[in-house]
Structure formats: structure tokens, C-alpha cells
Amino acid sequence: MKVEVKELKISNELQKKIDMICRFAGVSSAFSSGCVKNVKGTNIAYVKPHIK
């Protein structure tokens with residue numbers, strides 16, 4: 001069994017759009033980086049962080 005780990009990154013363009021929406025709504029935004037763990041040869045995947 002082989003586990004593949006990929007880091008998730010948010011694009012600068014998407015981050016700017018979210019910041020603009022949050023400023024309009026009067027709330028602050030917080031971003032946390034995550035990763036996808038995939039078990040090779042299966043359809044099992046785990047996304048972290050999936051909850052806050």
C-alpha cells in the first residue's frame with residue numbers, strides 16, 4: 001500500500017477575491033493550508049483540514 005500526499009495551495013487571485021468579499025461583509029478571513037492523502041490503487045482519499 002502506497003500513500004501519496006499532495007499539498008493544497010490557494011491561488012493569489014482566489015485569495016484576493018475572498019479578501020474583497022470579506023471586507024465588503026465586514027468580516028475577517030483566515031486561510032489554513034491543507035493536504036490530500038491518497039491511497040494508490042484505490043479510490044480512498046483524505047483531505048486535511050476538513051473541519052475547523
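Presented here is a report on the structure given in the accompanying data block. (Residues numbered from 1 in each chain as written. Predicted model: local features only at pLDDT ≥ 70, side-chain atom pairs only at ≥ 80, totals over all residues. Heavy atoms only, no water.)

**Considering the overall build of the protein chain**
When you go through the protein chain residue by residue, the secondary structure sums to 1 helix and 3 strands. Starting at the N terminus and walking to the C terminus, you meet the elements of the protein chain as β-α-β-β. Principal-axis analysis of the C-alpha atoms gives the protein chain an extent of 45 × 20 × 15 Å. Relative to its 52 residues, the protein chain shows a buried fraction of 8%. Summed over its atoms, the accessible surface of the protein chain is roughly 4,900 Å², and 58% of this surface lies on carbon and sulfur atoms. Computed over 10 positive and 4 negative side-chain charges, the separation of the two mean positions in the protein chain equals 4 Å. (Helix = DSSP H or I, 4+ residues; strand = E, 2+ residues; numbered from the N terminus. Buried < 20%, exposed > 50% of the residue type's maximum accessible area, 1.4 Å probe, protein only. Areas by Shrake-Rupley, 256 points an atom, 1.4 Å probe, with all protein chains shown as cover. Lys, Arg positive; Asp, Glu negative; His and termini not counted. Charge placed at Lys NZ, Arg CZ, Asp CG, Glu CD.)

**Considering the pairing of strand β1 (residues 3–8)**
Of all 6 residues making up β1, only 0 are buried, and the element is barely covered by its neighbours. Looking at chain direction, β1 and strand β2 (residues 34–39) are connected through 6 bridges and run antiparallel. Bridge pairing in β2 places Glu-4 opposite Asn-38. (Pairing = 2+ DSSP bridges.)

**A short note on the sheet that holds strand β3 (residues 45–48)**
Spatially, 3 strands are ordered β1-β2-β3 in an open sheet, and the strand pairing comes out antiparallel. Here the strands that pair on one side only, and so sit at the sheet edges, are β1 and β3. Direction aside, the axes of adjacent strands within the sheet are offset by 15 degrees on average. Bridge count for β2 against β3 is 4 bridges, and the pairing is antiparallel. By the bridge assignment for β3, Asn-38 is matched with Ala-45. (Axes fitted to C-alpha atoms, helices over the stretch in contact; angles between N-to-C directions.)

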